[in-house]
Every structure is written in structure tokens, then in C-alpha cells.
Amino acid sequence: MTTTIEVLAEENAAGLARLEERLGYRFVDRRYLQQALVHSSYAAENGLPVVRNNERLEFLGDAVLDLVVGHALFARFAEVREGELSRLRAALVNTNHLAAMARAIGLGNHILLGRGEDASCGRDKPSILACAYEAVAGAIFLDGGAGAALPLMAGHFAPHLRGDRQAMLGGDAKSLLQEKSQERLGEAPVYHLVGEEGPDHAKRFTVAVRLRGRELASGSGTSKKEAEQQAAATALCDFDALSFDGQGE
């Protein structure tokens, strides 16, 4: 049985609306957003043409993000040479970092996957999440043009451009969160194991990060270290906007 992007967009209207809220953008044509969430495995199983999965949008979104991040780095680091700017951009748009940004907006919950990919925890795979995030950027560009896509995606990346260059190059969310916490509050965040599930050979861990008794975010992964990095990356997205009682004491 075949389906269409139009039908999927109608069936998933409520979920797409929630995702729009988290993105901070409302689509004129939600079919663009829906296509950005169609993985090739789902398209193959459900009779969608190859050009209706998210790979073409991913290609476009990759260019959009390169431009957004490149421009932001160019403006911020006026004395940095081209080679280091390129390395900084690569660190910010690499698979793991984009996957962390995708997790921060719950993108994995909306991706349509084939049965096998879904059963193997595909919606939490960094490669699938990163590609979907790029595809969403491409979808916004097609729907609203550069005037909508570029400032919106720049806003998404802004929290990740406030650390020093070494932290960006390292891609170490835990170190960056600790640096920000120490600078702002004079103390480091604490990580707690929330739970673990699955057989010994395929365990998944969930970790929460807290600061001054407040839970900032949680993350999951196949190791405690990976879960901690995911929790830290998610916490960084909103950290600068958070207020803490007795801040600066």
C-alpha cells in the first residue's frame, strides 16, 4: 500500500504543530516539514518515491547550516584565520552536535522510520537525527526563503557560539556546561544516573544533570558518558536564559 506526503502531513498534523512550536517557525506548507521527517527506510516500505524521502532536503539544509554557522563565526571571531574558522564550523555542524540539537527539540519522536530501523533504536541514532535536522533546515528555507531560514537557524545555534574556541573545537558539551556554570554561579553541575534498561549487551542509560538542586536536562545513550554528554548538550540550549535563586552569591 502506498501513501503520499500530503496524506502523512494530514495524519500527523497535531505532531507537526507541536514540532513547529519547538522550532519557533510555522510552515505555510507543512508538506515540506513532513518530507523532512521521512527517512529513506520508511519511504521504501511505504511506496513513496525516492525523491520523497528527506535526503534532498538534507542536502539543501546542509548548505543552509554551513552558511548560517560560517557567517556567525566570521562575525564573532574577527581576527581568526580561515583554517580555524573552517574547523570551528565543522565542529558545530558535525553529526554528533547536530544530533544533540535534534534531541533538544525532540525531533526523533517525529521521524518516520521503517520497521527495522525503528526496532534498532533508529530514532536516537546520531546519523539519522543529524540528517533530519539538516532536512528541517532545508524545509524551512524552501517554505519561507532565506529571510525566514537564516535568522531562525542562527538563533538555534546562538547558544553554541558563546563558548570559547577550544570548547567548540572539542565538541565537549560537559566541559562547556561546566565552564559556563563555574563562570556564572561558581559551581559545577552534577550528573545523576536516572535509570538503565535493556540486556547487558545493549543497555541504554538515562542521566540527568542538576545545578543548585535544579534539573536542567536529561539525556540517554549506550554508555553513561554518552548520556551525560547528551544531557549537557540539551542543558546548554537554554542555559543562558535560565535564572537561579541566589545567582552570583
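As the structure is a prediction and not an experimental result, all values here were calculated from the model.

Undergrad: Explain the nonpolar core to me, please; I cannot follow it from the model alone.
TA: By size, the foremost hydrophobic cluster in this structure holds 46 residues, and its most contacted members are Leu73, Leu107, Tyr133 and Phe157. Breaking this core down by element, the ones donating at least two residues are helix 2 (13-23), helix 3 (30-36), helix 5 (55-76), helix 6 (82-92), helix 7 (95-104), helix 9 (126-144) and helix 10 (146-157). Looking at this core element by element, the count peaks at ten residues for helix 9. Every residue in contact with Tyr133, bar those within four places of it in the chain, is listed here: Leu65, Leu98, Met101, Ala102, Ile105, Leu107, Met153, His156 and Phe157. Counting 21 residues, the second largest nonpolar core, distinct from the first, contains Val209, Leu211, Ala232 and Ala233.

Undergrad: What exactly am I supposed to notice about the sheet that holds strand 3 (residues 214-221) here?
TA: Note: strands within a sheet are paired through backbone hydrogen bonds, in either parallel or antiparallel orientation. What the three strands build is an open sheet, ordered 1-2-3; its pairing is antiparallel. Each edge of the sheet is formed by a strand with only one pairing partner; in this case those strands are strand 1 (190-197) and strand 3. Going from strand to strand, the sheet's axes swing by 20° on average, the running direction of each strand aside. Sheet analysis places strand 2 (residues 204-211) next to strand 3, joined by seven bridges and oriented antiparallel. Paired with Ala208 across the bridge in strand 3 is Ser218.

Undergrad: Explain the side chain of Gln34 here, please?
TA: Structurally, Gln34 can be placed in helix 3. With relative accessibility at 1%, the residue Gln34 sits in the buried group. Within the structure, the side chain of Gln34 is placed 3.1 Å from the side chain of Asn12, a separation counted as a polar contact. Non-local contacts of Gln34, meaning those with residues more than four positions away in its chain, are made with Ile5, Leu8, Ala9, Asn12, Leu16 and Leu112.

Undergrad: I'm lost on the packing of helix 7 against helix 9 in this one. Help?
TA: Relative orientation and spacing of two packed helices are given, respectively, by the angle between their axes and the distance between those axes. Direction vectors running N to C along helix 7 and helix 9 enclose 75°, while the axes themselves pass 8 Å from each other. In terms of their interaxial angle, helix 7 and helix 9 are classed as roughly perpendicular. Residues Thr95, Asn96, Leu98, Ala99, Met101, Ala102 and Arg103 of helix 7 lie in contact with helix 9, whose contacting residues are Pro126, Ser127, Leu129, Ala130, Tyr133 and Glu134.

Undergrad: Quick question: what am I supposed to make of helix 2 here?
TA: Note: α-helices contain 3.6 residues per turn, so residues at a spacing of three or four share the same orientation. Every buried residue belonging to helix 2 is among Gly15, Leu16, Leu19, Glu20 and Leu23, and all of these are buried. Along the axis of helix 2, the buried positions cluster into a sector of 145°, meaning they face one direction only. For helix 2, exposure combined with an orientation more than 90 degrees from the buried face picks out Ala14 and Glu21. Those residues of helix 2 hidden inside the fold are in contact with helix 1 (5-11), helix 3, helix 9 and helix 10.

Undergrad: I would appreciate a short explanation of unusual backbone geometry in the present structure.
TA: Among all residues except glycine, the phi angle is most often negative; among peptide bonds, the trans geometry is most common. Look at Cys121: it is not a glycine, yet its phi comes out positive at around 60°. Mapping Cys121 onto the fold places it in the loop between helix 8 (115-119) and helix 9. Judged by its relative accessible area of 41%, Cys121 is partly exposed. With a phi close to 50°, Arg212 is a non-glycine residue in the positive phi region. On the secondary structure map, Arg212 appears in the loop between strand 2 and strand 3. A relative accessible area of 29% means that Arg212 is categorised as partly exposed.

Undergrad: Just checking my understanding: could you explain the pattern of salt bridges for this structure?
TA: If charged atoms from side chains of opposite charge come close, those side chains can pair. Scanning all chains against the criterion turns up 15 salt bridges. A salt bridge links Arg123 to Asp118, with the shortest nitrogen-to-oxygen separation between them at 3.1 Å. Here Arg123 falls in the partly exposed class, since its relative accessible area comes to 25%. We note a salt bridge from Arg204 to Asp124, for which the minimum N-O separation is 2.3 Å. Note that Arg204 is positioned in strand 2 and Asp124 in the loop between helix 8 and helix 9, a separation of 80 residues in sequence. Comparing Arg204 with Asp124, the two get one shared label, buried. Where salt bridges share partners, they join Glu20, Glu21, Arg26 and Arg30 into one cluster.

Rules of the game
- Residues numbered from 1 in each chain as written.
- Predicted model: local features only at pLDDT ≥ 70, side-chain atom pairs only at ≥ 80, totals over all residues.
- Heavy atoms only, no water.
- Core = buried A, V, L, I, M, F, W, Y, C linked by side-chain atoms within 4.5 Å.
- Buried < 20%, exposed > 50% of the residue type's maximum accessible area, 1.4 Å probe, protein only.
- Helix = DSSP H or I, 4+ residues; strand = E, 2+ residues; numbered from the N terminus.
- Contact = heavy atoms within 4.5 Å.
- Pairing = 2+ DSSP bridges.
- Axes fitted to C-alpha atoms, helices over the stretch in contact; angles between N-to-C directions.
- Polar contact = N/O pair within 3.5 Å; in protein donor to acceptor, adjacent residues only side chain to side chain.
- Parallel < 35°, antiparallel > 145°, perpendicular 65-115°, else oblique.
- Arc of directions from axis to C-beta.
- Salt bridge = Lys/Arg side-chain N within 4 Å of Asp/Glu carboxyl O.

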